Number of protein chains: 2
Amino acid sequence: MTSIEMIVAARARLRGEARRTPLLSSPFLDEMAGRRVLVKAECLQHTGSFKFRGGWSAVSGLAPEVRKRGVIAFSSGNHAQGVALAALRHDVPSVIVMPSDAPRLKIENTRALGAEVVLYDRAKEDRDAIGARIAGERGLTLVKPFDDALVIAGQGTVGLELAEQAEEEGVQAAEVLVPCGGGGLSAGIALALEASAPSLTLRTCEPEGFDDTARSLAAGKVVRNAALSGSICDAIVTPEPGKITFPILTRLAGAGIAVSDDEALRAMALAFKRLKIVVEPGGAVALAAALFHGKALESDTVIAVASGGNVDTDVFTAALQRFG
Amino acid sequence: MTSIEMIVAARARLRGEARRTPLLSSPFLDEMAGRRVLVKAECLQHTGSFKFRGGWSAVSGLAPEVRKRGVIAFSSGNHAQGVALAALRHDVPSVIVMPSDAPRLKIENTRALGAEVVLYDRAKEDRDAIGARIAGERGLTLVKPFDDALVIAGQGTVGLELAEQAEEEGVQAAEVLVPCGGGGLSAGIALALEASAPSLTLRTCEPEGFDDTARSLAAGKVVRNAALSGSICDAIVTPEPGKITFPILTRLAGAGIAVSDDEALRAMALAFKRLKIVVEPGGAVALAAALFHGKALESDTVIAVASGGNVDTDVFTAALQRFG
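It should be emphasised that the depicted structure is a prediction, and the values quoted were computed from it without experimental measurement. (Residues numbered from 1 in each chain as written. Chains lettered and ligands numbered in written order. Predicted model: local features only at pLDDT ≥ 70, side-chain atom pairs only at ≥ 80, totals over all residues. Heavy atoms only, no water.)

Student: Explain the packing of aromatic side chains to me, please; I cannot follow it from the model alone.
Tutor: One pair of aromatic rings is described through two measures. These are the centre distance and the angle between the planes. Counted under the stated rule, the structure contains 7 aromatic pairs over all chains. With a centroid separation of 5.8 Å and 50° between ring planes, the pair formed by Phe52(A) and Trp56(A) is classed as tilted. Taken together, the residues Phe52(A) and Trp56(A), both in helix 3 (residues 51-61) and 4 residues apart, mark about one turn of the helix. With respect to class, Phe52(A) is no different from Trp56(A); both count as buried. Here the aromatic rings of Phe272(B) and Phe316(B) are separated by 6.3 Å at their centres, their planes lie at 75°, and the arrangement is edge-to-face. Remark: Phe316(B) occurs in helix 14 (residues 313-323) and Phe272(B) occurs in helix 12 (residues 261-275); sequence separation between them is 44 residues. Assigned by exposure class, Phe272(B) and Phe316(B) land together as buried. Put simply, the rings of Phe272(A), Phe316(A), Phe272(B) and Phe316(B) touch in pairs and so form one group of aromatic residues. Against the face of Phe28(A) rests Arg274(A), its NZ or CZ located 3.7 Å from the ring centre. (Phe/Tyr/Trp six-rings, centres within 6.5 Å; stacked < 30°, edge-to-face > 60°. Helix = DSSP H or I, 4+ residues; strand = E, 2+ residues; numbered from the N terminus. Buried < 20%, exposed > 50% of the residue type's maximum accessible area, 1.4 Å probe, protein only. Lys NZ or Arg CZ within 6 Å of the ring centre and 35° of its normal.)

Structure (structure tokens):
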């Protein structure tokens, strides 16, 4: 179970490794939202998303004799790159298990970060069985994307930074809006805020139709999504909240917010125009909530986490052409 | 004449007002360049460019009784927005004189930042005469875009930050590549580095055909450009180096580098993909020099300033479609 002590320890291990990403703002966005909007630009983190923090926390938190055998992860996206770069910089091997139909660019990027990519056939092969066999043969440690105490601790360092930066900006109280898939980033930030800035309260943000966390928080128990794909916010589509993350969110998060795909794309275009940052659809749902769901918000200031920027050129240009 | 003391004083006036923009990097860009490439993301500054620093420095450096009458600037671009926001935050009036055929969006943005926009007909009216009349009637102070000691001091704060950040990154020596129009940013950074990090040497970067500074440095005297328009890097096209800036660059800058429009657009696409920042063509010439003019460079590490991100949607999407 992740504690504030684990988050503080992760911050110490991440010092000089993760970037302290800036808190951005624009008077144009403030006016649009009708309140002060601060954006934590975590898309500027190494590998283009917050996932590097969790990956580094997990790899650096292993005992040296365990770490040197290497790590393994299942991911075709941001988690893969975060774990791969963390392993590369620790000079230990990493294996990333990806579906063979993953975009070629993601496969190449992950290889370029030093990982061995193992492809499997989604239709015919069992991912977990492949991973378990490789991990067993080589003594690799599995780094899960969110239901992992060290990973949550790494993501929680976003919350510690955010609390410091909010204080520097003179913010007394605020809702902190966080894109939520499995809940690792949200749970980590919630724990960090509980300890270091209790006047900042966390709100999860998800795509419409994939708002399992919002519905689970409302129901007081885990509720699954009906579909497993179909949102442009692919990075944060998960079947249900995590086993470790959900109890943390139940205790600490406010009501969840769901935004439409078009609202996420519009937020991407506004982040381009007003903040000069590149945000991927799933990374833009919190900014979309800040700008387009004001009635669901209470505080005079909101802090939206822009959690990642790994978006394909065609998706980005389409967003600009429709909403730029 | 701008001195290091003036830059240090400008930094004190800018504290809590300008952002400390991050120094970004990507292993993919390092590999492409064949050396370490650090990018000072000044496109993330307020108003989307470094010009806010010079604007704030100039407005905050006026005597209060002079400042309260207001300021005036000639600009259709980044300088206009920098001066307008600086005046707005000082609660003093600003007048921005713009050609009537300036893009509507730039006019609207400048107005939204609280400025009074005065339009003139490029073909029939004399900009300087209009500005002098309004300034005289209202007692406004003219804030020049680069040949102004306080403006250069403000831009020089980029150099002080950069020197600190380079030290944090363990950089011993580096060439600092800076997009150069009239030379205010380059001159300010050069003075800051001379005093605070003499192992960092400045190199100016310009568009091909508009490399008046490079040719002037080579000739040892001011040389004009043959044309006054025709580069996509419009923000840094100027007829010749400034009267104050050129002697500073003559003393402190290495040989200038010129890049093609296509190289600038390619650098924009790579900044999108690898750094997750939005850079305008003129703001991308230093990164283009780092990536595509390696033979002109000597140091193992280069620091490229990405000076602005105010690019129209159609130019940006075209760059991504061609080079993304």
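More follows now that the structure is in view.
Student: Is there a simple way to think about the sheet that holds strand 6 (residues 141-142) of chain A in this case?
Tutor: Residue and element names in this part refer to chain A. In space, the 4 strands of this open sheet follow the order 5-4-3-6, with parallel pairing throughout. Each having just a single partner strand, strand 5 (116-120) and strand 6 make up the two edges of the open sheet. Relative to strand 4 (residues 94-99), strand 3 (residues 71-74) runs parallel, the two sharing 4 bridges. By the bridge assignment for strand 4, phenylalanine 74 is matched with valine 97. (Pairing = 2+ DSSP bridges.)

Student: Any chance you could explain the domain arrangement of chain A here in plain terms?
Tutor: Much of the literature gives interface size as the accessible area that the parts lose upon coming together. Residues and elements named next belong to chain A. Examined at the domain level, chain A breaks down into domain 1 (4-50 + 148-323) and domain 2 (52-142). Each side of the interface is counted separately: domain 1 has 27 residues, and domain 2 has 16 residues. Overall, the association of domain 1 and domain 2 removes approximately 1700 Å² of surface from exposure, summing both partners, and the carbon and sulfur fraction of that is 52%. Of all residues in domain 1, Arg13, Glu17 and Thr47 give up the largest surface area on contact with domain 2, accounting jointly for 32% of the area buried on that side. At the junction of domain 1 and domain 2, the tally comes to 2 salt bridges. A salt bridge links arginine 53 to glutamate 161; its shortest N-O distance comes to 3.0 Å. Taken together, domain 1 and domain 2 are joined by 14 residue pairs in polar contact (both at pLDDT 80 or more). For the side of domain 1 that touches domain 2, the secondary-structure elements that each account for two or more residues are helix 1 (4-14) and helix 8 (149-168). Ranked by the residues each element gives to the side of domain 1 that touches domain 2, the list is headed by helix 8, at 8 residues. (Domains from an automatic or database assignment. Contact = heavy atoms within 4.5 Å. Buried area = accessible area lost by both parts, 1.4 Å probe. Salt bridge = Lys/Arg side-chain N within 4 Å of Asp/Glu carboxyl O. Polar contact = N/O pair within 3.5 Å; in protein donor to acceptor, adjacent residues only side chain to side chain.)

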